[in-house]
Amino acid sequence: MADRHGPWEPASAWGARGWVVLARAVVALVVLVGVVMAAGGGGHGPSALAAGRSVAQPTPSPSPPIELSGTGDQVTKPFALTGGLAVLKVECPSCKENFIVELLDDDQQVKDVVANRVGAYSGSRAAGVQDGDHVLLVDADAPWSVEITQPRDRPAAELPQSSTGSGDQVEGPFAADKRVVVRATHSGGTDFVVTVLDVKGRVQDLVFNEVGDFDGSAVAQMINAGPYYLNVTADGDWTVDLSEP
C-alpha cells in the first residue's frame, strides 16, 4: 500500500528546517518592535504624555515697554497694544503752558485723557485698552516723553496696604474680595480723584472725587473679581490706606 504521508525523512532534516523557521520569526519580531518604538518616540522610551507626565510650557516673556518722545504738539506714530490694562508714564519737565495727552484707538476715538495739567508734569495713569493700534495726541510747549507698559501676571499684594505720593500715580495690584476700605488724605488745591480698576482696565468704582484738601474714608465696591489697581489723580501730596472691611 502506498504511503499517504510522502517519503520518510530523517529527524535531523526536520530539526534543521525548524531552526530556519524560528530564526526567520525572530528577525520579523525584531523588525516589528523597531517600527513600533520609532513611531512612539524614536526608540528613546515612552513620551511624557504616555507616561502621564505634564510637559512644561515656556513662560511668555513680558512685552518690552513702548517708548515715545517728541517736542511740542504731535500725533505719535501708531503702536500696538494688547487688550487689557495699560500703564502710561508721562513726563514733561519743562512745560510751562497746557500739557495734554490723549490716548486714541484705531478708530481715532479718545479712550482716555492721560494727562491734563498746566506747567511741568510727571505722573502715571492706567487705562483699559482693546487689541489694536493706538496713537497719542499730545499738546505741549516743550520736550515730552511717554513710556507704556502692560503688566501681566504680577503678584497682587495682600491687604492691608499703604501708599504715599504726589501728583498722578498708579498703585497696585492688590488683592481683595470685591470690597475694600479706602482711607485717603490730600493736600492740594484742585481735584483729588481715586478710582479702582481691574486687571483688564475696567473701572470698578469711583471712590473719591474731591477738590482741595481732603481727609476721609469710604468702602469701594467692585463689580469684577480682582486683582485691582488704583488711579490716583492729584495736584499735591496724598496718602491711601487699603484694608479689609
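Residues numbered from 1 in each chain as written. Predicted model: local features only at pLDDT ≥ 70, side-chain atom pairs only at ≥ 80, totals over all residues. Heavy atoms only, no water.

1. What to know about the overall build of the protein chain
Applicable threshold: In this description a helix means any DSSP run of H or I spanning at least four residues, a strand means any run of E spanning at least two, and both kinds are numbered starting from the N terminus. For every residue, the accessible area (1.4 Å probe, protein chains only) is compared with the maximum for its type, and the residue is labelled buried under 20%, exposed over 50%, or partly exposed between those bounds. Residue contacts are counted whenever heavy atoms from the two residues lie within 4.5 Å of one another. In this description, accessible areas are obtained by the Shrake-Rupley approach with a 1.4 Å probe, and a residue is regarded as covered only by the protein chains that are shown.
Broken down by element type, the protein chain carries 1 helix and 17 strands. Burial analysis of the protein chain (245 residues in total) assigns 33% to the buried set. Counting only contacts in the protein chain whose residues sit at least 6 apart along the sequence, the fraction spanning at least 24 positions is 74%. Approximately 14,900 Å² of the protein chain is accessible, and the part contributed by carbon and sulfur atoms is 55%.

2. Some words on the pattern of salt bridges
Counted only if it meets this: What counts as a salt bridge is simple: a side-chain nitrogen of Lys or Arg found within 4 Å of a carboxyl oxygen of Asp or Glu.
As enumerated under the stated definition, the model contains 4 salt bridges in all. For Asp168, the salt bridge identified is with Arg117, shortest N-O distance 3.2 Å. Of this pair, Asp168 sits in the loop between β10 (161-166) and β11 (169-174) while Arg117 sits in strand β6 (residues 110-118); the two residues are 51 residues apart in sequence, bridging distant segments of the chain. Residue Asp168 is classed as buried on the basis of its relative accessible area of 8%. Exposure remark for Arg117: the relative accessible area of 22% places this residue in the partly exposed category. Between Arg202 and Asp198 there is a salt bridge, and its shortest N-O distance comes to 2.7 Å. In this structure Arg202 comes out as partly exposed when scored by relative accessible area, which is 38%.

3. Side note on the nonpolar core
Put simply, the test is: Buried Ala, Val, Leu, Ile, Met, Phe, Trp, Tyr and Cys residues form a nonpolar core when they are joined through side-chain atoms within 4.5 Å.
If you look at the biggest cluster of nonpolar residues, it comprises 23 residues, and the most contacted ones within it are Leu88, Val90, Phe99, Val101, Leu136, Trp144 and Ile148. If you tally residues by element for this core, the top one is strand β4 (residues 84-92), at 4 residues. Setting aside its immediate chain neighbours within four residues, Val101 contacts Val90, Asp112, Val113, Val114, Ala115, Leu136, Leu137 and Val138. One finds Val207, Tyr228, Leu230 and Val240 within the second-largest nonpolar core, a separate group that totals 20 residues.

4. Examining a negative patch on the surface
Spelled out, the test is: Candidates for patches are residues over 30% relative accessible area with no salt bridge; among them, like charges are joined within 9 Å and nonpolar side chains (Val, Leu, Ile, Met, Phe, Trp, Tyr) within 5 Å. His is not counted here, nor are the chain ends, while Lys and Arg score as positive and Asp and Glu score as negative. Where a charge sits is defined by one atom per residue type, namely NZ (Lys), CZ (Arg), CG (Asp) or CD (Glu).
A contiguous patch of negative charge, built from Asp73, Glu97, Asp139 and Asp141, is present on the exposed surface. In this structure, Asp139 sits in strand β8 (residues 132-139).

5. Some points on the sheet that holds strand β7 (residues 121-129)
For the record, the criterion: We treat two strands as partners when DSSP finds at least two bridges between them. Every angle, taken between N-to-C directions, lies between 0 and 180 degrees, and every axis is a line fitted to C-alpha atoms, over only the stretch in contact when it is a helix.
Strands sit in the order β1-β9-β4-β7 across an open sheet of 4 strands; the sheet is antiparallel. Each edge of the open sheet is held by one strand with a lone partner, namely β1 (66-71) and β7. When strand polarity is set aside, the average angle formed by the axes of neighbouring strands in this sheet is 20 degrees. Across 5 bridges, β4 lies against strand β9 (residues 143-149) in antiparallel orientation.

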